[in-house]
Amino acid sequence: MRTSANLALGYVSRGRLVGVLAGTLWLAWAAPAVCAAATVVVLDAHGRASVRNDPFLTTPALTPAPAGGARAATAGPGPRQAVDRNVRTELARLRGIHAISTSDFRRYLSSFNTALSAGQRLRGTRAVELEAVIQNLHAIAASGQLTPSRLPALFLTLDRNRQWWTTGPLLASGQRVEFTGSELVWQYYPGQGIELQELGSFGRADGLYTAGPSQYPRMRRLLAEIIPLAAHRAGGIAWEYYFQFDAGNPPWTSAMSQATAIEALTRAAKASADTSYLNVARRALPLFKARPPVGVTIPAAHGSWYLLYSFAPGATVINGFLQTLIGLYDYGHATDDPTALRLFAAGDAEARSAVPGYDTGAWSLYQPGEEDTLSYHELVTGFLHELCDRVHAAVYCTTAAHFDSYLKTPPALRLLTRRVRAGAPATISFHLSKLSHVGIVLSDNGQTVFLTSADFGYGTDAFSIPALRKTGSYNVRLAATDQAGNFNRIVGTIQVSR
């Protein structure tokens, strides 16, 4: 999963002209395979950290963010944020109306005071990260959203951050972390602390299920930890996120993480013959009947679209949508639940219409106009294969086959510029079939006069070149390496004239 729409690849958008860059000319992409075990940092109760591979937790690790232009949904004006509405006053109010017990009030207040005290002793990054978690908690309280059902997850997040930033090591952005004695997955978001990764945790439960009966007890322990962390939302329950993320303010949620939860619960019921898991999954369905920002569903031309982010109705990310359908399908067909079957049918109808639009003919799109990284290309291909296996729809099967073939197909290049003016800066345009690292070598009678390389997305783009003062014919070599390591090169000429 990724922290920005470009996954920190830094590739150059279509239409942007690229100048001379330092470095080597031909660079190959490097990206983790989707099936690879994730590296996690594990902290024990004594403050000792160790690094290990978690075979039940797979990449991609980061939560995708909506495109920069995605419009955030708002819930309206909401409660006025009075200066006297804060964590302490809201806890006291909840105790006063008997929404929480006195013992819970004291426990949460102690947790909050301990975190404040710890934060005052910290410096640098550690202080910033713990303070961010405290401020998010204050903001939720000030907006009137510090409800009883949210308290367990919010204060667990506070406690884990206090533990980490007072005893654990500093972390790289996006690093996943775990704690000894717990099966839950957390993730570091710079400036937001470590946050409970609901998608990663439920995905880990799926991994434990797939590993077989020997891991079923761990799967049940994980679910026993995370089920009580659901909050009341949209007339049901939802596993929410409690940190700021792009345009989203907490608490927000995701169709993908919610559906992965439903899928994990369905599998747990199958593994254990415990129908209580199915009862929990059923309570998670109302989120898919509500519109954003509370719910995750928007009406579409052929049915419904289920959003990756409840705060971004404009971000139509295909991998999250397809994973949502898989979770709804598995639960619906395991239980014959009419609501789940209707929700799946509405999403399936829209997906069958939409999926071909995410096929560029050479690669997959993450959302309209934006290509997938290698990890996300492999991820969405896997989801298409799973839907093909379940419903045998030609559009899923055919698109999955296309996406498989693109992993072995070299990028296609076409030189578009044939003539430039001497003595003036110019551009050399080309067309590229898919996201690749592209290099150019410009030579005159075997002598290199210009070379550079950069990352480009699919479509038409260009290199900017310095003024060529000598007239005549120049050789142009363009080479491209895509994210899967496929390579192609073309040779052409341009005429430089007065």
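Since the model is a prediction, treat every value here as computed from it, not as a measurement.

1. Remarks on the confidence of the model for the protein
Thinking step 1. Looking at the protein as a whole, its pLDDT mean stands at 89, while 88% of the residues score no less than 70.
Thinking step 2. pLDDT under 50 marks residues 66-71. Its contacts with residues more than four places away, or in other chains, come to 15 contacts.
Thinking step 3. Between residues 74-82, whose pLDDT stays under 50, and residues either more than four places distant or in other chains, the model counts nine contacts.

2. Considerations on helix α7 (residues 255-272)
Thinking step 1. If you check α7, its first and last C-alpha atoms are 26 Å apart, about what 18 residues at 1.5 Å a residue would give, namely 26 Å.
Thinking step 2. For α7, the N-terminal cap is S254; the gap from its side-chain oxygen to the backbone nitrogen of M256 is 3.1 Å.
Thinking step 3. Following α7 by one or two positions, A273 has its phi on the positive side, about 60°.

3. Structural notes on the packing of aromatic side chains
Thinking step 1. Applying the stated rule across the entire model yields 27 aromatic pairs.
Thinking step 2. Measuring from ring centre to ring centre gives 5.7 Å for F243 and W252, while their planes differ by 65°; the resulting arrangement is edge-to-face.
Thinking step 3. On the accessibility criterion, F243 (1% relative accessible area) is buried.
Thinking step 4. Members of the aromatic cluster, joined through ring pairs, are Y189, Y241, F243, F245, W252, Y309 and F311.
Thinking step 5. Directly above the ring of Y108 sits R107, whose terminal nitrogen or CZ lies 4.6 Å from the centroid.

4. Here's the deal with the state of the cysteines
Two cysteines joined by a covalent bond between their sulfur atoms form a disulfide.
Thinking step 1. Going through the model one piece at a time under the given rule, you end up with one disulfide.
Thinking step 2. Between the sulfur atoms of C388 and its disulfide mate C397 the distance is 2.0 Å. Its S-S torsion of about 100° marks the bond between C388 and C397 as right-handed, since a negative value means left-handed.

5. Considering unusual backbone geometry
Thinking step 1. The omega angle of the peptide bond from P250 to P251 is 0°, so this bond is cis rather than trans.
Thinking step 2. Looking at where P251 falls in the secondary structure, it is placed in the loop between β8 (236-238) and α7.
Thinking step 3. In this structure, P293 follows P292 across a cis peptide bond, with omega equal to 10°.
Thinking step 4. Tracing the sequence through the fold places P293 in the loop between α8 (276-283) and β9 (297-299).
Thinking step 5. A positive phi angle, close to 50°, is found at D246, a residue other than glycine.
Thinking step 6. Mapped onto the elements, D246 comes out in the loop between β8 and α7.
Thinking step 7. In this structure, H392 takes a positive phi of about 60° despite not being glycine.
Thinking step 8. Within the element layout of this structure, H392 appears in the loop between α11 (374-391) and α12 (394-406).
Thinking step 9. Residue class for H392 comes out exposed when judged on its relative accessible area of 60%.

6. Considerations on the packing of helix α1 (residues 87-96) against helix α2 (residues 102-121)
Thinking step 1. The contact between α1 and α2 brings their axes to 9 Å, and the two run at 175°. For the element pair α1 / α2, the angle class is roughly antiparallel. Within the contact between the two elements, α1 uses V87, R88, L91, A92 and R95 and α2 uses T102, F105, Y108, L109, F112, N113 and L116.
Thinking step 2. Of the residues that constitute the contact of α1 with α2, the class distribution is eight nonpolar, two polar and two charged.

7. Topic: α2
Thinking step 1. For α2, with 20 residues, the first-to-last C-alpha span of 29 Å sits near the 28 Å given by 1.5 Å per residue.
Thinking step 2. Those residues of α2 that fall on the buried side of the exposure criterion are F105, Y108, L109, S111, F112, A115 and A118.
Thinking step 3. Contacts made by the buried residues of α2 are with α1, α3 (124-142) and α4 (151-167).

The rules behind these values
- Residues numbered from 1 in each chain as written.
- Predicted model: local features only at pLDDT ≥ 70, side-chain atom pairs only at ≥ 80, totals over all residues.
- Heavy atoms only, no water.
- pLDDT = per-residue confidence, 0-100.
- Contact = heavy atoms within 4.5 Å.
- Helix = DSSP H or I, 4+ residues; strand = E, 2+ residues; numbered from the N terminus.
- Expected span 1.5 Å × (residues − 1).
- Polar contact = N/O pair within 3.5 Å; in protein donor to acceptor, adjacent residues only side chain to side chain.
- Phe/Tyr/Trp six-rings, centres within 6.5 Å; stacked < 30°, edge-to-face > 60°.
- Buried < 20%, exposed > 50% of the residue type's maximum accessible area, 1.4 Å probe, protein only.
- Lys NZ or Arg CZ within 6 Å of the ring centre and 35° of its normal.
- Disulfide = S-S within 2.5 Å.
- Axes fitted to C-alpha atoms, helices over the stretch in contact; angles between N-to-C directions.
- Parallel < 35°, antiparallel > 145°, perpendicular 65-115°, else oblique.
- Nonpolar A, V, L, I, M, F, W, Y, C, P; charged D, E, K, R; others polar.

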